[in-house]
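# Close look at the chain arrangement
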Amino acid sequence: MRHSLRQSVLAALFCGCLALTSVGNQSFAQQKTLNRGFSIKADITATGEERAAQKSLWVLDATFKPMRMARMDLTNLKTGKKEKTLVWYIVYKCVLRPIERPSDKDEFTPENAEVPPPGPALFVPEVTLITNDNGQQKSYPNQILPEAEAIINKRERRQFKNAVDIIGELPPLTPADSKGEQAIYGVCTWTGVDSSTDYFTLLFSGLSNGYKIVDGPDGKKLTRRKVLVQQYWRPGDEFGQQEREFRPKGRPYWAYLSNDPEIAAKELNIDDSTKATP
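Description of the structure in this document. (Residues numbered from 1 in each chain as written. Predicted model: local features only at pLDDT ≥ 70, side-chain atom pairs only at ≥ 80, totals over all residues. Heavy atoms only, no water.)

### Describing the environment of arginine 234
Mapped onto the elements of the fold, arginine 234 is located in the loop between strand E12 (221–233) and strand E13 (247–248). Of the polar contacts made by the side chain of arginine 234, one reaches the backbone oxygen of serine 195; its length is 3.1 Å. A polar contact of 3.0 Å, which involves the side chain of arginine 234, links it to the side chain of glutamate 245. (Helix = DSSP H or I, 4+ residues; strand = E, 2+ residues; numbered from the N terminus. Polar contact = N/O pair within 3.5 Å; in protein donor to acceptor, adjacent residues only side chain to side chain.)

### Concerning the packing of aromatic side chains
With the rule as written, the count across this model stands at 9 aromatic pairs. Pairing phenylalanine 200 with phenylalanine 246 gives two aromatic rings, centres 5.6 Å apart and planes at 80 degrees, and the pair type is edge-to-face. Taken together, the residues phenylalanine 200 in strand E10 (residues 199–205) and phenylalanine 246 in the loop between E12 and E13 connect sequence positions 46 residues apart. No difference in accessibility class separates phenylalanine 200 from phenylalanine 246, as the two residues are buried. Grouped by ring-pair contacts, the aromatic residues Trp88, Phe200, Tyr232 and Phe246 constitute a single cluster. Cation over ring: lysine 65 sits above phenylalanine 38, and NZ or CZ is 5.4 Å from the ring centre. The ring of tyrosine 185 carries arginine 158 above its face, with NZ or CZ at 3.9 Å from the centroid. (Phe/Tyr/Trp six-rings, centres within 6.5 Å; stacked < 30°, edge-to-face > 60°. Buried < 20%, exposed > 50% of the residue type's maximum accessible area, 1.4 Å probe, protein only. Lys NZ or Arg CZ within 6 Å of the ring centre and 35° of its normal.)

### Quick notes on the environment of aspartate 194
Looking at where aspartate 194 falls in the secondary structure, it is placed in the loop between strand E9 (183–191) and E10. Of the residues examined, aspartate 194 reaches a relative accessible area of 22% and is grouped as partly exposed. Considering only alpha carbons, one finds aspartate 194 and lysine 138, 56 residues apart in sequence, at a separation of 8.5 Å. The residues touching aspartate 194, leaving out its near neighbours within four places in the chain, are Lys138 and Tyr140. There is a polar contact of 3.2 Å between the side chain of aspartate 194 and the side chain of lysine 138. Looking at aspartate 194, its side chain comes within polar contact range of the side chain of serine 196, at 2.8 Å. (Contact = heavy atoms within 4.5 Å.)

### Remarks on the pairing of E12
Here E10 runs beside E12; their pairing, made up of 6 bridges, is antiparallel. Looking at the pairing, phenylalanine 204 lines up with leucine 228 of E12. In this sheet, E12 lies alongside strand E11 (residues 211–215) in antiparallel orientation, the contact comprising 5 bridges. By the bridge assignment, aspartate 215 is partnered in E12 with lysine 221. Sheet analysis places E12 next to E13, joined by 2 bridges and oriented antiparallel. The partner of tryptophan 233 across the bridge, within E13, is arginine 247. (Pairing = 2+ DSSP bridges.)

### Topic: helix H3 (residues 146–156)
Of all the positions in H3, only Ala148, Glu149, Ile152, Asn153 and Glu156 are classed as buried. Angularly, the buried residues of H3 cover 135 degrees about the axis, an arc narrow enough to put them on a single face. Every exposed residue of H3 that faces more than 90 degrees away from the buried side is listed here: Ala150 and Lys154. On its buried face, H3 is in contact with strand E3 (68–75), strand E4 (82–96) and E9. Positive phi appears at arginine 157, one or two residues downstream of H3, with a value of about 60 degrees. (Arc of directions from axis to C-beta.)

### Considerations on the nonpolar core
Core analysis: the biggest nonpolar cluster contains 36 residues, and Met67, Trp88, Trp190 and Leu207 have the highest contact counts within it. Elements that contribute at least two residues to this core include exactly strand E2 (60–64), E4, strand E6 (126–133), E9, E10 and E12. Considering each element in turn, this core owes the most residues, 6 residues, to E4. If sequence neighbours within four positions are ignored, leucine 207 has contacts with Trp58, Val59, Leu60, Ala62, Phe64, Cys94, Phe123, Leu228 and Trp254. Met72, Leu74, Val91 and Ile152 belong to the second-largest nonpolar core, a separate cluster that totals 13 residues. (Core = buried A, V, L, I, M, F, W, Y, C linked by side-chain atoms within 4.5 Å.)

Structure follows, in structure tokens:
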């Protein structure tokens with residue numbers, strides 16, 4: 001009798017462990033399905049000061065796949081012939097999340113002189129790649145490469161839009177606990193990046209409408225935009241470049257910077273070391 005009872009208890013425990021394992025595996029699979037390789041995530045940072053100063057503030061929940069490169073047969077616009085071209089690219093996903101608003105403010109709460117927008121908020125991304133080696137910086141604006149985009153979409157198994165085609169109204173709000181997402185998917189591409197570079201930074205503007213008015217060195221007012229910054233380093237050399245060499249330097253972070261990417265890079269004081277900033 002005791003032997004039979006003990007067998008029943010062990011069987012129940014075993015079935016319970018199997019059920020927990022199954023639930024855990026399903027949860028992991030669901031999370032993996034939702035991520036789909038978008039492993040680099042920015043915090044949806046909006047301080048109380050920012051929210052109080054700008055009533056219409058929005059910040060997109062942005063996630064990125066790792067930086068990639070691929071050799072593609074692209075048409076040379078000057079010769080009209082196909083050439084093997086090395087393309088650097090990154091794909092991203094943006095979701096609009098609700099931002100809690102302060103119910104009131106006091107006399108010490110700063111406020112921008114905000115002009116109500118004439119229409120719906122627009123997503124107009126601008127992404128710049130800046131290399132930094134031995135104190136020398138080079139700026140590479142995001143390029144529109146339809147042939148490369150078709151190859152990238154096939155490789156990534158999704159339709160990603162370039163910085164022009166993706167321009168439009170923000171997606172509908174998606175609550176944090178929602179099972180589905182109203183997301184927009186984009187791709188940024190570059191060619192001709194210095195093959196000897198070891199350190200570079202991506203500046204993503206347009207992921208938020210946040211801004212600040214500050215005093216310039218000459219006393220004039222300057223506008224600084226909320227920009228997402230991600231730094232990278234690659235320990236390889238200019239020969240046999242491989243995308244596995246791309247390594248993020250820390251997590252992406254937000255900064256208020258000049259609209260001019262080259263000035264913004266200097267404001268960040270980007271260094272050429274493996275230590276992430278800030």
